[in-house]
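Breakdown of the fold
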Amino acid sequence: MTSPVIGVLALQGDVREHLIALASADAVARQVRRPEELAEVDGLVIPGGESTTMSKLAALFGMTGPLRERVRSGMPVYGTCAGLIMLADKILDPRSGQETLGGIDMIVRRNAFGRQNESFEASVELRGVADGPVEGVFIRAPWVESVGAEVEVLAEYDGHIVAVRQGNALATSFHPELTGDHRVHGLFVDMVRAAW
């Protein structure tokens, strides 16, 4: 079976860790910075980082429109932390000039779990991932305040939604790429294969 080509949006954030996790999950992983590179991938990971900076860099690199179009047309996409914010249809507390790509009918709150020094790790039961809970690394993590009828809630932590899926779009508040456990990336690679 041919391995899917999955890009990691390489404007800012923990790109290298996602490339390693995707390769471990049997994908061909590539950095994506330009529209022509985006056109060559079967799916895309939007990494954690700083969502406001990512939004501004996407505009600067001419990526905002092409990203929105690919997501809207059904390209499988997975966002972690800041990537979850980028995939939200609405942010409760956006920074000035901050834009999202949309794709998941959800409202998110930035930095909801606290500041950098309040970062933590926790076990999270994630629907669709076998063999027990995944370890979630929460770094200035958002949470999902509410979801639309088409959104499947995959995980909650401490009473808050931390993982969702809508069609070909997957998002987590936490960073599975930082743990060495690549099952969440395996789930996403399976989503990309199913969309071929």
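For the structure itself, look to the data block above.
All chains use their own residue numbering, which begins from 1 and follows the written sequence. Predicted model: local features are reported for residues with pLDDT of at least 70 only, side-chain atom pairs are reported and counted for 80 or more only, and whole-chain, interface and lining totals are derived from all residues. For the side-chain quantities, the full set of heavy atoms in the structure was used; hydrogens and water were omitted.

**Quick look at the environment of glutamate 152**
So the rule is basically this: Only runs of H or I of at least four residues qualify as helices and only runs of E of at least two qualify as strands under DSSP, and these elements are numbered from the N terminus. When accessible area is computed with a 1.4 Å probe and restricted to protein chains, residues below 20% of their type maximum are described as buried, those above 50% as exposed, and intermediate ones as partly exposed. Throughout, a residue-residue contact means that at least one pair of heavy atoms, one from each residue, lies within 4.5 Å.
The residue glutamate 152 is located in strand β10 (residues 152–157) in this model. Taking relative accessible area as the criterion, glutamate 152 reaches 40% and is therefore assigned partly exposed. In this structure the C-alpha to C-alpha distance between glutamate 152 and phenylalanine 61, which are 91 residues apart in sequence, comes to 32 Å. Excluding its chain neighbours within four sequence positions, the residues that come into contact with glutamate 152 are Ala163, Val164 and Arg165.

**Focus on unusual backbone geometry**
A positive phi angle is found at cysteine 81, which is not glycine, with a value near 55°. The backbone phi angle of asparagine 111 is positive, close to 50°, even though this residue is not glycine. Turning to its location among the elements, asparagine 111 is positioned in the loop between β6 (104–109) and β7 (120–124). Judged by relative accessible area, which is 29%, asparagine 111 ranks as partly exposed.

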